[in-house]
Amino acid sequence: MSSRDVVLARVRQALADVPPGAGPGGEGPAGEGRGGPPVARNYQRVHGSRTREQTVDLLAENLADYRAIVHRTDAERLPGLIGRLLAERGARCVLVPPGLDASWTTGTDVPLVEDRASSTARELDLVDSVLTGCAVAIAETGTLILDAGPDQGRRRITLVPDHHLCVVRVPDQVVGSVPEALPRVAPDRPLTWISGPSATSDIELDRVEGVHGPRTLEVILLAAAPEAD
């Protein structure tokens, strides 16, 4: 018996109790029964009990564990922080998406580069830093999700420049788990999942950063303004 025969035999055995025409997708159009019974989606969405503050703290901890640099600030101090970080980086220019809050860059005199569809990879490689928002952040995995929204820009602008500054509004954009994050992003948008700066290892486990994206990831946790009494 060949390996193919073994695999097919195991598939047939696994499907032995499935009625003809049934499958994981539910009923097909016009009652065709094309999909069969739907797959149960009863897995846990929330893991444990945490306050919103504890969830944000967990995000910061896991981001740092992935070697991202984490900062915390509020709206009033955000422009000054961004200006300081760009100055410390020695950035000569910073790329900003068209929908980014203009007030975020009022604390720097570094020239702003537009996110243009015509920009080539070579041109983007000359950009020192990129500043974006994000769609949602996952605390348990230390992951940022970008969905090419107005304050995030095209996917490639966060993959080519060597330094990425990403602003996360807390606690509104922070969730605890991956199942909580998925309903908040559209599957038909170009999603970029970021867990720390780009890194890879060779067969000897020598870590190299900056191969598949930015070598340096700085995350700014932007606290919401306190509610008025």
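Scroll up to find the structure.
Described in the following lines is the structure provided in the data block.

Rules and cut-offs
Residues numbered from 1 in each chain as written. Predicted model: local features only at pLDDT ≥ 70, side-chain atom pairs only at ≥ 80, totals over all residues. Heavy atoms only, no water. Core = buried A, V, L, I, M, F, W, Y, C linked by side-chain atoms within 4.5 Å. Buried < 20%, exposed > 50% of the residue type's maximum accessible area, 1.4 Å probe, protein only. Helix = DSSP H or I, 4+ residues; strand = E, 2+ residues; numbered from the N terminus. Contact = heavy atoms within 4.5 Å. Patch = residues over 30% accessible without salt bridge, like charges linked within 9 Å, V, L, I, M, F, W, Y side chains within 5 Å. Areas by Shrake-Rupley, 256 points an atom, 1.4 Å probe, with all protein chains shown as cover. Salt bridge = Lys/Arg side-chain N within 4 Å of Asp/Glu carboxyl O. Pairing = 2+ DSSP bridges.

### Some details on the nonpolar core
Phase 1 of the analysis: Membership of the largest hydrophobic core comes to 19 residues, with the highest contact counts inside it found for Leu59, Leu144, Val168, Val174, Val219 and Leu221.
Phase 2 of the analysis: Looking at this core, the elements that each hand over two or more residues are α2 (52-65), β6 (143-146), β7 (163-170) and β12 (216-223).
Phase 3 of the analysis: The residues contacting leucine 59, other than those within four sequence positions of it, are Ala137, Ile138, Ala139, Gly142, Val174 and Leu221.

### Overview of a nonpolar patch on the surface
Phase 1 of the analysis: Side chains of Val7, Val11 and Leu15 sit close together on the surface and give an oily, nonpolar patch of about 250 Å² of accessible area.
Phase 2 of the analysis: By the element assignment, leucine 15 lies in the loop between α1 (3-14) and α2.

### As for unusual backbone geometry
Phase 1 of the analysis: That bond from valine 170 to proline 171 is cis: its omega, 5 degrees, falls within 30 degrees of zero.
Phase 2 of the analysis: The backbone of arginine 67 sits at a positive phi, close to 75 degrees, despite the residue not being glycine.
Phase 3 of the analysis: Tracing the sequence through the fold places arginine 67 in the loop between α2 and β1 (69-74).
Phase 4 of the analysis: Its identity as a non-glycine residue notwithstanding, alanine 148 has a phi of 65 degrees, on the positive side.
Phase 5 of the analysis: In this structure, alanine 148 sits in the loop between β6 and β7.
Phase 6 of the analysis: Alanine 148 sits in the partly exposed class, given a relative accessible area of 25%.

### Let's talk about the sheet that holds β6
Phase 1 of the analysis: Pairing is mixed across the open sheet formed by 4 strands, whose spatial order is β8-β5-β6-β9. Pairing within the sheet leaves two strands with one partner each, and these edge strands are β8 (174-175) and β9 (192-194).
Phase 2 of the analysis: In terms of strand pairing, strand β5 (residues 136-138) meets β6 through 3 bridges, oriented antiparallel. Within β6, the residue paired with alanine 137 across the bridge is leucine 144.

### Remarks on the pairing of β7
Phase 1 of the analysis: Counting buried positions over the 8 residues of β7 gives 7, a clear majority of the element.
Phase 2 of the analysis: Two elements, strand β4 (residues 129-132) and β7, share 3 bridges in a ladder whose sense is parallel. What sits directly across from valine 130, in β7, is histidine 164.
Phase 3 of the analysis: Bridge analysis of β7 against β12 gives 8 bridges, and the strand direction is parallel.

### Structural notes on the pattern of salt bridges
Phase 1 of the analysis: Applying the stated rule across the entire model yields 11 salt bridges.
Phase 2 of the analysis: Here arginine 89 makes a salt bridge to aspartate 162, at a shortest N to O gap of 3.4 Å. Taken together, the residues arginine 89 in helix α3 (residues 78-89) and aspartate 162 in the loop between β6 and β7 connect sequence positions 73 residues apart.
Phase 3 of the analysis: Among the salt bridges present, the one from aspartate 115 reaches arginine 154, with a minimum N-O distance of 3.1 Å. Of the two residues, aspartate 115 is situated in the loop between β3 (112-114) and α4 (121-125) and arginine 154 in the loop between β6 and β7; the sequence distance between them amounts to 39 residues.
Phase 4 of the analysis: Given a relative accessible area of 13%, aspartate 115 falls into the buried group.
Phase 5 of the analysis: Residue arginine 154 is classed as partly exposed on the basis of its relative accessible area, which comes to 34%.
Phase 6 of the analysis: Connected through shared salt-bridge partners, Arg89, Asp162 and Arg215 make up one network.

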